[in-house]
Every structure is written in C-alpha cells, then in structure tokens.
Amino acid sequence: MRRIKLIGVPVDILNPEELELTLLELLAKPGTKHIVFLSVWNLLKARHKGDFQDYVSSADLIIPISKSILAGAKFLKKDIPVRYNPFTFTINLLSYLDSHFKSLYLLGSRGQTLHVAERNLRDTFPHLKIVGRHVGYFPKQKEDDIVVNIYKSAPSLVLVSDGIKDKALWSYKRRNRFSSSIFCYYRDSLGIFSKRIKRVDEDVFAKGHEIWHEIGKNPLKLFLLLPFIHYIMILLVYRLFKK
C-alpha cells in the first residue's frame, strides 16, 4: 500500500489483490483503527483544520470512492489510486473476515432494519461471528453502555451505519475507550444489507454518475456541484503554483 497527498489530503493506493493482507496487518495492529471512504466532498472537508482533518490524516486506510479524486491525481501528475465502490469494498472486507473466522459488531439504523441486516449477514457469512449490535438514534445516556459493550466484545470490525450523531467521527472522538477494533463508517450499509435501501448500480458507479442517483433522491444535493467547482479551481492552483 502506498499513500499520496492530493491537495494536501492523504489518499491510499491499494490494489485489490493487496486488500486481504492489508486487512490482516490492520487486525494485528494494536489500538483503534479507522477505514475511511473518501469522497471528493470529504476530501475538501479534510483540508480544513478540525476533528475531521485529524480523523482522515490519522486513518489507517483511506479509500477513494469518487472518480474525481482519480482525475485530480492524474491532473496533478501523481500516482493514480484505485477507486472502490463502498458496498463492494465492504462485502470483500466481510468476506475476508469470514474466511479468517473474525468478529463483527453492528452499530446504527432502526431496530427492524438492524434485525434484518444481521440475519442476512449471518446467512451470507456463516463463519463471521457477530458479537454485538445496537440501534442508532439512541439517547446520549445510552452511549457509555454501547462503548463498554464494544470494548468488552473487542470485535475485529465495527460497521457504523446511519443514526449515529457524530457519524464517522463517533469512533474517532472515543478512540481511546476501545480496545483493538477496526471502525468503518458506511452510512447506507445496514439499509442495503436489509434491502431497505437500493444500492447504486455498478455501471452507474463505474461511470462516476452516482451523484445523479443521490440528486434524484434529494434534489437539494444539486448544490454539491458548487464545492465541486471549488475543487477544480484548487486543482488548477496546485497545477500552476505548487511543486
């Protein structure tokens, strides 16, 4: 695995054949680890000082999911990362955990969605031990119990979905309270595994048109085109003035 910096933000170059070994190395590493799915919008957000920048900079694996990140790396004449569909990446991750008899904790979503997702995951990955689960949208007074449960069960992977107030930053802000788990925030994961949410078609994702799928569900996301224009301007500045 190699790491480049694109407009000041780290991005990993991970080939598919390296994923299993990288995962095993992460599992052997002590402490709390994080896998980040990096969209172009998160790339821009990570340029500003604060918790999110620290979260991305310290992540153990930073996976680009936007085609624009690859285009930006090519434009700046850097090594071009491999882009992954978050759903496909997560399935591969769970498959490797299953083949090595590892464990999983599910966090997020509503009760029925979580229940169906857990059942489907058990059927699909019979050797993957689900050591705990908790719904999202929980009251603040429940948080300590959840943290203690994750600490005690020490899962190989904690899959964090929707309904978590701090989203990807939830585990990062509490990283010193866990043992040795990998945390991965994928908002739609449990919704897709429960078949409540339809995932983006592979052909649509391969073409980089998934933003139009999002805009179709929420027209307000059309305003995401404004920061995208800002991204293009930053690339131009780096191309002209940065070594």
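That block above? That's the structure.
Since this is a predicted model, take the numbers as computed values, not measurements. (Residues numbered from 1 in each chain as written. Predicted model: local features only at pLDDT ≥ 70, side-chain atom pairs only at ≥ 80, totals over all residues. Heavy atoms only, no water.)

(A) Broad picture of the side chain of S194. Here S194 shows up in the loop between helix 9 (189–193) and helix 10 (202–206). A polar side-chain atom of S194 sits 3.0 Å from the main-chain carbonyl oxygen of G191. Leave out the neighbours within four places in its chain, and S194 touches T113, V116, A117 and N120. (Helix = DSSP H or I, 4+ residues; strand = E, 2+ residues; numbered from the N terminus. Polar contact = N/O pair within 3.5 Å; in protein donor to acceptor, adjacent residues only side chain to side chain. Contact = heavy atoms within 4.5 Å.)

(B) View of the pairing of strand 5 (residues 103–107). Counting buried positions along strand 5 yields five of five residues, so the element is predominantly enclosed. Burial of the side chains of strand 5 extends over both faces: S103, Y105 and L107 are buried on one face and L104 and L106 on the other. The pairing of strand 5 with strand 6 (residues 129–134) spans five bridges and is classified as parallel. By the bridge assignment, L104 is partnered in strand 6 with I130. Crossover strand 5 to strand 6 through helix 6 (residues 111–124) is right-handed. Across four bridges, strand 5 lies against strand 7 (residues 157–160) in parallel orientation. Across the sheet, residue Y105 finds its bridge partner in strand 7, namely V158. (Buried < 20%, exposed > 50% of the residue type's maximum accessible area, 1.4 Å probe, protein only. Pairing = 2+ DSSP bridges. Right-handed = clockwise from strand over helix to strand, strands pointing away.)

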